[in-house]
Amino acid sequence: MYILKPYIFNKHPEIVFGFSTKVSLGVEPPYYFNLSYSVGDVKAVVDKNRKDFFEALKLKIENVGYQRQVHSDIVQVIECGGDNGVSDALITNKKNIGLAVTIADCTPIFIYDKINKVIAAVHSGWRGTEQKILNKTLENLKKNFSSIPENLIIYIGPSISHANYEVGSDVAEKFDSNFVFRKDGKVFLDVSGINYKLLLDFGIPKNQIQKSELCTYEFKDLLHSYRRDGSISGRSIGVIAIKG
């Protein structure tokens, strides 16, 4: 099994983090090492994949908190693992509770307040980005946990790059033109870049942000991509937790 682990959390041994990939012994097409129950994969296979992934990170599977992602601006503060209902961002200050984001192209963002010991996990596709779910998560951290930009360590995980994310003009016009690219009559959008700029505008120091350059669409042997594979695409999970 190959798990992505960003360097940005290396100075914080209390943080557990992992981002799953398609690479694992014994996995089979079309879903490969899929961690989602919603794509048509066999439940028993997904159960085993999740068990293997979380055990590799030394997390108890029952302590991982999930959300039913619907491309919203809903932010939840949770205190337990399991199904926490509909949202696209999770926050907790409880130790040993993992926050999971399921990904197959959208932008995942993971946040750690190193002083107040709070974590957040955000799922931001273009709809969530338009609704500023990341900004609303940061404001929630500020209001309810006294988080300030100088204390936040952030990882923007793998997502689809603008070179491969074609959108309609109706979507593109919702965003700053600096993140809209046109080529051969087609329109492309940089969702990850929009979220990165939002972090900088919020006041987070550049050296406290790591932005993955891995494109889910291009790295076909490593990452799941719905835009590339359609209905046979599996899903990765990114998870963050604070050790007890």
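Numbers given to residues run from 1 along each chain, matching the order in which its sequence is written. Residues qualify for local features only when their pLDDT is at least 70, as the model is predicted, and side-chain atom pairs are given and counted only at 80 or more; totals for whole chains, interfaces and linings, by contrast, use all residues. For the side-chain quantities, the full set of heavy atoms in the structure was used; hydrogens and water were omitted.

### Some remarks on the pairing of strand S6 (residues 89–92)
Link 1 in the chain: We call a residue buried when its accessible area falls under 20% of the maximum for its residue type, exposed when it is over 50%, and partly exposed in between, using a 1.4 Å probe and counting protein chains only. Secondary structure elements follow DSSP: runs of H or I no shorter than four residues count as helices, runs of E no shorter than two count as strands, and numbering proceeds from the N terminus. Neither face of S6 is open: one carries Ala89 and Ile91, the other Leu90 and Thr92, and all of them are buried.
Link 2 in the chain: Between any two strands, pairing holds if DSSP finds at least two bridges. Judged from the three bridges that link them, strand S4 (residues 75–77) and S6 form a sheet pairing that is parallel. Residue pairing in the sheet places valine 75 in a bridge with alanine 89 of S6.
Link 3 in the chain: Pairing between S6 and strand S9 (residues 118–124): four bridges, direction antiparallel. Residue isoleucine 91 lies in a different strand from S9, and its bridge partner there is alanine 120.

### Remarks on the sheet that holds strand S5 (residues 82–86)
Link 1 in the chain: Strand order in the open sheet formed by six strands is S1-S2-S15-S7-S3-S5, with mixed pairing between adjacent strands. The strands lining the two open edges of the sheet, one partner per strand, are strand S1 (3–4) and S5.
Link 2 in the chain: As defined by bridge partners, S1 adjoins strand S2 (residues 15–20) across two bridges and the pair is classed as antiparallel. Bridging from a neighbouring strand, isoleucine 3 pairs with serine 20 of S2.
Link 3 in the chain: Against the sheet, helix H1 (residues 43–56) engages S1, S2, strand S3 (64–68) and strand S15 (236–242), with an angle of about 35° to S15. Should any heavy atoms of two residues lie within 4.5 Å, those residues are considered in contact. Only C-alpha atoms enter the line fits that serve as axes; for helices the fit covers just the stretch in contact. Angles between N-to-C directions range over 0 to 180 degrees.

### Considerations on the environment of asparagine 116
Link 1 in the chain: Its location among the elements puts asparagine 116 in the loop between strand S8 (107–113) and S9.
Link 2 in the chain: On the basis of relative accessible area, asparagine 116 is assigned to the partly exposed category, the value being 34%.
Link 3 in the chain: Note: C-alpha distance between asparagine 116 and phenylalanine 145 (29 residues apart in sequence) is 7.1 Å.
Link 4 in the chain: Discounting residues that sit within four places of it in the chain, asparagine 116 has contacts with Phe145, Ser146 and Ser147.
Link 5 in the chain: Reaching out from asparagine 116, the side chain makes a polar contact with the backbone oxygen of phenylalanine 145 at a distance of 3.3 Å. Two N or O atoms form a polar contact when they lie within 3.5 Å of each other; inside protein one atom must be a possible hydrogen donor and the other a possible acceptor, and for residues adjacent in sequence the pair counts only when both atoms belong to side chains.

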